[in-house]
Amino acid sequence: MREAIELSLDNIDHGGGPFGAVIVKDGRIIARGANRVTASNDPTAHAEVNAIREAARVLGTFDLSGCEIYTSCEPCPMCLGAIYWAHLDKVYYGNTKADAKAIGFDDSFIYDELALPMDERHLKAIPLMHDEAIKAFEKWENKSDKIEY
């Protein structure tokens with residue numbers, strides 16, 4: 001956790017936000033990530049996502065089972081989703097989402113939106129061309145040599 005906190009502090013001096021994360025496997029750090037959203041003009045470049053990308057590269061797999069993530073702040077909804085998709089075993093965090101909200105990093109609107117029915121959300125989602133889109137899912141379902149995740 002100290003390494004994640006150090007990354008968050010150092011990142012402020014290097015054009016990033018106050019967030020850091022490390023991924024550990026078998027007791028050793030295999031990947032580090034810091035928030036580079038504004039530095040890279042990439043809204044997905046959160047510390048946790050960057051650490052997951054690095055760990056996947058280092059291990060040569062998209063399945064990070066057997067790994068744990070230490071992050072300087074409770075993960076936002078996007079990062080939490082990435083953590084679940086990566087199959088990390090455990091999340092340790094320092095600051096809370098309430099702490100983040102207090103300094104202007106407020107994710108509560110996303111949690112609020114997800115609780116609403118689709119037709120009541122601020123961001124409208126409109127189904128389109130389902131009959132054509134479903135063909136990719138049918139093809140995937142029938143593929144005999146697919147790598148499931």
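It should be noted that the structure appears before, not after, this text.
Anyway, here's the lowdown on the structure attached to this text. (Residues numbered from 1 in each chain as written. Predicted model: local features only at pLDDT ≥ 70, side-chain atom pairs only at ≥ 80, totals over all residues. Heavy atoms only, no water.)

**Things to note about the sheet that holds strand β3 (residues 67–73)**
The four strands lie next to each other as β2-β1-β3-β4, forming an open sheet whose pairing is mixed. Looking at the sheet topology across the chains shown, the edges are occupied by β2 (28–34) and β4 (90–95). Going from strand to strand, the sheet's axes swing by 20 degrees on average, the running direction of each strand aside. Contacts from helix α1 (residues 2–12) reach β1 (20–25), β2 and β3, with the element oriented near 150 degrees to β1. Contacts between helix α3 (residues 47–59) and the sheet are confined to β1, β2 and β3, with β2 contributing the most and set at about 135 degrees to the helix. (Pairing = 2+ DSSP bridges. Helix = DSSP H or I, 4+ residues; strand = E, 2+ residues; numbered from the N terminus. Axes fitted to C-alpha atoms, helices over the stretch in contact; angles between N-to-C directions. Contact = heavy atoms within 4.5 Å.)

**What to know about the pattern of salt bridges**
All told, the structure shown has three salt bridges when counted by the stated rule. Where Glu3 meets Arg32, a salt bridge forms, and the shortest distance between an N and an O atom there is 2.9 Å. Pair noted here: Glu3 is in helix α1 and Arg32 is in strand β2, with a separation of 29 residues, a long-range link. Accessibility expressed as a relative area gives 43% for Arg32, which makes it partly exposed. In this structure, the salt-bridge partner of Arg57 is Glu54, at a minimum N-O distance of 2.7 Å. Separated by three residues within a single helix, Arg57 and Glu54 lie in helix α3, roughly one turn from each other. Taking the relative accessible area as the measure of exposure, Arg57 reaches 58% and is therefore exposed. Given the relative accessible area of 27%, Glu54 is considered partly exposed. (Salt bridge = Lys/Arg side-chain N within 4 Å of Asp/Glu carboxyl O. Buried < 20%, exposed > 50% of the residue type's maximum accessible area, 1.4 Å probe, protein only.)

**Observations regarding the layout of surface pockets**
Taken as a whole, the largest pocket spans an internal volume of roughly 280 Å³. Taken together, 17 residues form the lining of the largest pocket, with Phe19, Asn35, His46, Phe105 and Asp107 sitting closest to its centre. Elements with a minimum of two residues in the lining of the largest pocket: α2 (37–40) and α3. Across the lining of the largest pocket, the residue classes tally to nine nonpolar, four polar and four charged. Reported here for the second largest pocket is a volume of approximately 210 Å³. Surrounding the second largest pocket, Phe109, Ile110, Glu113, Leu114, Met118, Arg121, His122, Leu123 and Ala125 form its lining. (1 Å grid on protein atoms, 1.4 Å probe; cavity = no way out; pocket = protein on both sides within 12 Å on 5 of 7 lines; lining within 4 Å. Points joined across faces, edges and corners; volume = space filled by probe spheres on them. Nonpolar A, V, L, I, M, F, W, Y, C, P; charged D, E, K, R; others polar.)

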